[in-house]
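Commentary on secondary and tertiary structure
What follows is the residue order along each chain.
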Amino acid sequence: MDNQALLDADRNSLWHPYSNTSKDNPLFAVSSASGCELTLADGRTLIDGMASWWSTIHGYNHPTLNQAITTQLESMAHVMFGGLTHEPAVTLAQSLIRLTPKGLNRVFLADSGSVSVEVALKMARQYWLAKKQNKKQKFLAFNNAYHGDTFGAMSVCDPDNGMHALFAAQLPEQYFCAAPLPAWGDTFDPDKHLNDIKNTLKKHHSAIAAVILEPIVQGAGGMRFYSPQTLRGIKQLCIEYNVLLIADEIATGFGRTGKWFACEHAGITPDILCLGKALTGGYMTLAATLCTDDIAQSISNSDCGVLMHGPTFMANPLACSVANASIALLEQNHWPQHVAAIEQQLSQALAPAKAIEGVKDVRTLGAIGVIELEQPVDMQRIQPFIVDQGVWLRPFGKLLYTMPPYCIKTHELATITQAMLNTCQAHSAGHHKQ
Ligand SMILES: *Cc1c(COP(=O)(O)O)cnc(C)c1O
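Keep in mind that this is a model prediction, so the values were computed, not measured. (Residues numbered from 1 in each chain as written. Predicted model: local features only at pLDDT ≥ 70, side-chain atom pairs only at ≥ 80, totals over all residues. Heavy atoms only, no water.)

Side note on the sheet that holds strand 15 (residues 391–392)
Across the sheet, which stays open at both edges, the four strands sit in the order 1-2-3-15 with mixed pairing between neighbours. Strands with a single pairing partner mark the edges of an open sheet, and in this sheet they are strand 1 (30–34) and strand 15. Relative to strand 3 (residues 45–48), strand 2 (residues 37–40) runs antiparallel, the two sharing three bridges. Bridge pairing in strand 3 links Leu 38 to Leu 46. (Pairing = 2+ DSSP bridges. Helix = DSSP H or I, 4+ residues; strand = E, 2+ residues; numbered from the N terminus.)

Okay, structure coming up:
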């Protein structure tokens, strides 16, 4: 199929993430990808500033990751996980237990981030049922949170941009607190910054199974970075009021914020931890929900006796193998230096955006660079503008951001940051005309 035929056929037959079927949505066909570069079907190449939504941390078409899949393929692509097991899954579980904060000793392998959140919610609910505290069924979540697109996950997403009104009849009602503050780097005041959550827990803890949050970085719900002291304070409050803490590190896990896991910034261990996205180095869909021995044993010894979840493709061997290879690469290469260098370059190169009209805030943390605009981006105009500069970025609402592969070269990142500045200018010029 030539490029135009491919795009036409797509527009006649497919959905894309959060999109309508309108024929003039900007759309680009990719024919291959290697390192930090995407090659389009029309022959152009783009430097990738998105790491395919936080996942492609080692770059595309990596020989070690390719080899892991082809080697595994020769023995088996898949086998059911009910009553059967295999080495790729066991090795992965052992690595995740070793690398994540101490105390998380039991791993559930799920097929996507959203599913791992559903499993986390079920674990929390089943834990309190086992403890004969049947009233503890609700969750406390935060404004600007994003935890996925399935119903349980949606119920703990931001109530406004999380589609609560649209699916009101399907969604359980949860408790919400203001988005965690202060911002990363600002002064923490426990009275001010923990007040809302403390009052909510004080009043409703007997109905709350768990607090669910994205540690340090709220991702798709606003790309907000908040203080480790706030996270530590929330963990203390969870202990004080006898509710579990679920940390959703699907976006932040595997080095993105400069630590293996963002919880490490606060030195805390959550009761339940969700992982996904970068878990397989961006190769295949796989996620994990880890929990403490207490939770695993309580559920196992309960009247129900089993954790009520079991996907068909649970612990898929191909996905586990490439996850093992990705983790081995992280342990061998010097990712903390790469992420630190990316952070420094991003904060220097994006600073000039503060002076551009229509820019509200510029912030960086680890290998994440964010320009927050005052007005939403006009994607019809801006997406092709970005591609014309030889980079791939996918702005979302008022957020223009990058989270590149950790192996990005200095000159490639410079091209990305320059394109971000140019995009701010073009965005601001567009608003002037209106
Ligand atoms: C992406 C994401 C999810 C959902 O993961 P999917 O694999 O898209 O289902 C959940 N939580 C966070 C924090 C995420 O970034």
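A word on the sheet that holds strand 14 (residues 368–373)
Strands sit in the order 13-14-16 across an open sheet of three strands; the sheet is antiparallel. The open sheet has two edge strands with one neighbour each: strand 13 (359–365) and strand 16 (399–402). Recorded for the sheet is a direction-independent mean angle of 10° between the axes of neighbouring strands. Bridge count for strand 14 against strand 16 is four bridges, and the pairing is antiparallel. Among the inter-strand pairings, Gly 369 is bridged to a residue of strand 16, identified as Thr 402. (Axes fitted to C-alpha atoms, helices over the stretch in contact; angles between N-to-C directions.)

Topic: the site of the ligand
Around the ligand, the surrounding shell consists of Ser 112, Gly 113, Ser 114, Tyr 146, His 147, Gly 148, Glu 214, Asp 248, Ile 250, Ala 251 and Lys 277. Within the backbone of Gly 113, a nitrogen or oxygen atom sits 2.9 Å from an oxygen atom of the ligand. Lys 277 places a polar side-chain atom, nitrogen or oxygen, 2.6 Å from an oxygen atom of the ligand. Here the ligand, which alone exposes 390 Å², has 82% of that area covered by the protein. Among the residues making up the shell around the ligand, the classes are represented as three nonpolar, five polar and three charged. (Near = heavy atom within 4 Å. Polar contact = N/O pair within 3.5 Å; in protein donor to acceptor, adjacent residues only side chain to side chain. Areas by Shrake-Rupley, 256 points an atom, 1.4 Å probe, with all protein chains shown as cover. Nonpolar A, V, L, I, M, F, W, Y, C, P; charged D, E, K, R; others polar.)

Focus: helix 10 (residues 293–300)
Among the residues of helix 10, Ile 295, Ala 296, Ser 298 and Ile 299 are the ones counted as buried. On an axial view of helix 10, the arc spanned by its buried residues comes to 165°, and they lie on one face. (Buried < 20%, exposed > 50% of the residue type's maximum accessible area, 1.4 Å probe, protein only. Arc of directions from axis to C-beta.)

Brief notes about unusual backbone geometry
Following Leu 181, the chain continues into Pro 182 via a peptide bond in cis, with omega recorded as 5°. A positive phi angle, close to 70°, is found at Trp 54, a residue other than glycine. With respect to the helices and strands, the residue Trp 54 is situated in helix 2 (residues 51–54). Trp 54 gets classed as buried once you look at its relative accessible area, which sits at 6%. Although it is not a glycine, Met 223 sits at a positive phi angle of roughly 50°. Note on Met 223: relative accessible area 1%, which makes it buried.

As for helix 9 (residues 228–240)
Residue pairs three or four apart in sequence face the same way in an α-helix, which turns once every 3.6 residues. If you check helix 9, its first and last C-alpha atoms are 18 Å apart, about what 13 residues at 1.5 Å a residue would give, namely 18 Å. Structurally, the start of helix 9 carries an N-cap: the backbone nitrogen of Gln 229 is 3.0 Å from a side-chain oxygen of Ser 227. At the C-terminal side of helix 9, Asn 242 shows a positive phi close to 60°. (Expected span 1.5 Å × (residues − 1).)

Quick notes on the environment of Phe 254
Structurally, Phe 254 is set in the loop between strand 10 (244–248) and strand 11 (272–275). Along the backbone, Phe 254 and His 164 are 90 residues apart, and their C-alpha atoms lie at a distance of 30 Å. Beyond its immediate stretch of four places on either side in the chain, Phe 254 contacts Ile 57, Leu 96, Trp 260, Phe 261, Leu 275, Gly 276, Ala 278, Leu 279, Ile 327, Leu 330 and Tyr 406. (Contact = heavy atoms within 4.5 Å.)

A look at the nonpolar core
Ranked by size, the top nonpolar core spans 123 residues in total, and within it Val 211, Ile 246, Phe 254 and Ile 371 carry the most contacts. Per element, the largest residue contribution to this core is nine residues, and it comes from helix 5 (residues 113–130). What Val 211 contacts, discounting residues up to four positions off in sequence, is Leu 140, Phe 142, Leu 201, Ile 234, Cys 238, Val 243, Leu 244, Leu 245 and Ile 246. With seven residues, the next largest nonpolar core counts Ala 68, Leu 318, Val 322 and Leu 329 among its residues. (Core = buried A, V, L, I, M, F, W, Y, C linked by side-chain atoms within 4.5 Å.)

Any functional reading would require information beyond the geometric quantities listed.
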